[in-house]
Amino acid sequence: MGNKGNENSQAAQGARPARTAAALGRRSLLGAAVLGASATALGAAGTARAADRESGANNMNKGLAGLPVPTVIAHRGTSGYRPEHTLGSYQLALDMGAHIIEAGDLCPTKDGHLVCRHEPEIGGTTNVSDHPEFAERRTTKSLDGVATTGWFTEDFTLAELKTLRAKERIPGTRQHNTIYDGRWEIPTFEEVLRWRAQQSKKLGREVWIYPELKHPTYFRKQNLGLEERLAKVLRAHGLHRKNSPVIIQSFEPTSIQRMNKLVDNPLAVLLSTAKSRPYDFVDSGDPRTVADLITPKGLAEIASYANGIGPTLDLIIPKDANGKLLESTTLVRDAHKAGLILHPYTMRNENTFLPADFKKGTDPNAYGDAFGAFKAYYGTGIDGIFSDNCDTALLAREDFVNG
């Protein structure tokens with residue numbers, strides 16, 4: 001990891017001495033969740049059943065340690081059944097019983113509002129191409145070093161974006177979702193928080209959400225810093241505390257370090273493939289890769305400013321050249337030893353997304369043995385999982401917990 005890794009770690013720990021106690025509290029808060037994951041992994045079915053009975057309103061209001069383990073996180077809502085990042089997708093996830101909803105991949109508008117889109121390029125997730133008044137805004141930009149052509153949230157005011165409607169991102173795979181094209185607007189994060197508050201009151205418990213900061217370095221260079229905007233909105237809603245039901249995530253470690261100085265929320269660093277480099281590292285010249293971040297030393301550094309990691313599933317169980325699962329890595333054990341929880345991504349039911357062990361038939365869009373795949377991943381001791389099909393994830397969790 002080199003000297004720069006040490007400097008980053010020291011900066012994260014020393015930049016705000018007043019947060020030392022909070023950081024210790026944050027790590028202590030993880031104890032119950034980590035122990036719960038270990039107990040589940042060991043097959044303590046009786047304990048798991050008791051934990052499930054206790055995982056209602058009372059526990060869901062107790063902060064991160066009150067979440068059921070393993071936690072089912074609805075990936076962009078129920079994106080297996082509705083166009084992603086719409087209030088319709090979020091509501092269905094909540095109705096299905098998801099423990100947390102990834103309500104918000106956050107991108108800014110031209111006038112500084114945060115909206116929920118998978119990427120700032122919205123040509124694939126909205127009907128913007130059907131609006132001739134916006135035809136001239138189609139452009140090519142370098143997004144984290146990749147030439148990307150389309151329409152971008154930062155080139156539209158919120159009022160303009162509200163004239164658009166969401167559509168299915170992968171219609172070739174999820175043709176059934178296209179029936180909902182045009183039904184919902186692009187939601188703002190403010191609207192998500194108001195929805196969350198309404199649903200929490202209705203259910204008598206806190207509804208948890210898991211927003212992601214998208215491309216922070218890219219937007220900071222456009223004077224559209226995401227972290228400060230997110231912190232301001234969370235503070236306005238009283239959701240900036242360590243027990244607030246909002247976990248903040250980003251693929252850029254320095255963005256999470258920045259959030260650690262602004263709010264007390266639970267925080268998670270997302271991790272892509274082992275050979276990849278977070279774009280903030282690329283931009284700053286930091287040579288480290290994800291492989292460096294998942295060493296014991298790298299995980300200890302992350303634990304100095306975050307609660308957990310969101311690794312790709314291949315970092316938990318790698319695949320061979322034929323796409324079949326190999327032996328689990330030591331990442332779950334190493335992360336737990338560092339005091340971190342793990343919420344890997346993303347489980348989907350379709351053959352095209354499943355390990356070869358669990359594909360069924362030859363249709364890539366047909367459902368495979370998703371239950372078998374969930375069992376394999378839950379068995380590693382992970383603390384939760386992102387899924388496009390949270391109903392399947394919940395049923396598989398019930399099978400796993402009850403042995």
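Residues numbered from 1 in each chain as written. Predicted model: local features only at pLDDT ≥ 70, side-chain atom pairs only at ≥ 80, totals over all residues. Heavy atoms only, no water.

1. Description of the sheet that holds strand β7 (residues 208-209)
Here is step 1: One open sheet accounts for four strands, arranged β7-β2-β1-β13; its pairing is parallel. The sheet is open, and its two borders are formed by β7 and β13 (384-387), each paired with just one other strand.
Here is step 2: Sheet topology note: the strand β2 (residues 100-101)/β7 ladder contains two bridges and is parallel. Each residue of the ladder has a partner; that of Ile-100, found in β7, is Trp-208. (Pairing = 2+ DSSP bridges. Helix = DSSP H or I, 4+ residues; strand = E, 2+ residues; numbered from the N terminus.)

2. Some words on the confidence of the model for the protein chain
Here is step 1: Confidence in the prediction of the protein chain, expressed as mean pLDDT, is 88, and 85% of residues score 70 or more.
Here is step 2: Under a pLDDT of 50 for its full length, residues 1-55 has, in the predicted model, 85 contacts with residues more than four places off or in other chains. (pLDDT = per-residue confidence, 0-100. Contact = heavy atoms within 4.5 Å.)

3. Describing the pattern of salt bridges
Here is step 1: Using the criterion set out here, one finds 25 salt bridges in the structure.
Here is step 2: A salt bridge links Asp-105 to Lys-214; its shortest N-O distance comes to 4.0 Å. One end of the pair, Asp-105, is in strand β3 (residues 105-108); the other, Lys-214, is in the loop between β8 (212-213) and α8 (216-220), with 109 residues separating them in the sequence. Here Asp-105 matches Lys-214 in class, with each residue buried.
Here is step 3: Overlapping salt bridges, with partners in common, bring together Arg-76, Glu-84, Asp-105, Glu-119, Arg-169, Glu-212 and Lys-214 in one network. (Salt bridge = Lys/Arg side-chain N within 4 Å of Asp/Glu carboxyl O. Buried < 20%, exposed > 50% of the residue type's maximum accessible area, 1.4 Å probe, protein only.)

4. Digging into helix α16 (residues 370-378)
Here is step 1: Every buried residue of α16 is listed here: Ala-370, Gly-372, Ala-373, Phe-374, Tyr-377 and Tyr-378.
Here is step 2: Looking at the buried positions of α16, the neighbouring elements they touch are β1 (71-74), α14 (313-316), β13 and α17 (390-401).

5. Focus on the packing of aromatic side chains
Here is step 1: Evaluated as defined, the whole model comprises eight aromatic pairs.
Here is step 2: Plain terms: the ring middles of Tyr-90 and Trp-195 are 6.1 Å apart, the flat faces sit at 45 degrees to each other, and that makes the pair tilted. With Tyr-90 in helix α5 (residues 87-96) and Trp-195 in helix α7 (residues 189-203), the pair connects residues that are 105 residues apart, well separated along the chain. By the burial criterion, Tyr-90 is buried, and Trp-195 matches it.
Here is step 3: Between Tyr-210 and Phe-386, the aromatic rings sit 5.1 Å apart at their centres with planes inclined by 55 degrees, giving tilted as the arrangement. (Phe/Tyr/Trp six-rings, centres within 6.5 Å; stacked < 30°, edge-to-face > 60°.)

6. Quick notes on the nonpolar core
Here is step 1: The biggest cluster of nonpolar side chains holds 74 residues, and the ones touching the most others in it are Ile-101 and Phe-189.
Here is step 2: With six residues, the single largest contributor to this core is α17.
Here is step 3: Apart from residues lying up to four places away in sequence, Phe-189 is in contact with Ala-103, Leu-106, Leu-114, Val-115, Cys-116, Ile-209, Pro-211, Leu-230, Val-233 and Leu-234.
Here is step 4: Counting 11 residues, the second-largest nonpolar core is a separate cluster that includes Leu-67, Ile-73, Ile-100 and Trp-208. (Core = buried A, V, L, I, M, F, W, Y, C linked by side-chain atoms within 4.5 Å.)

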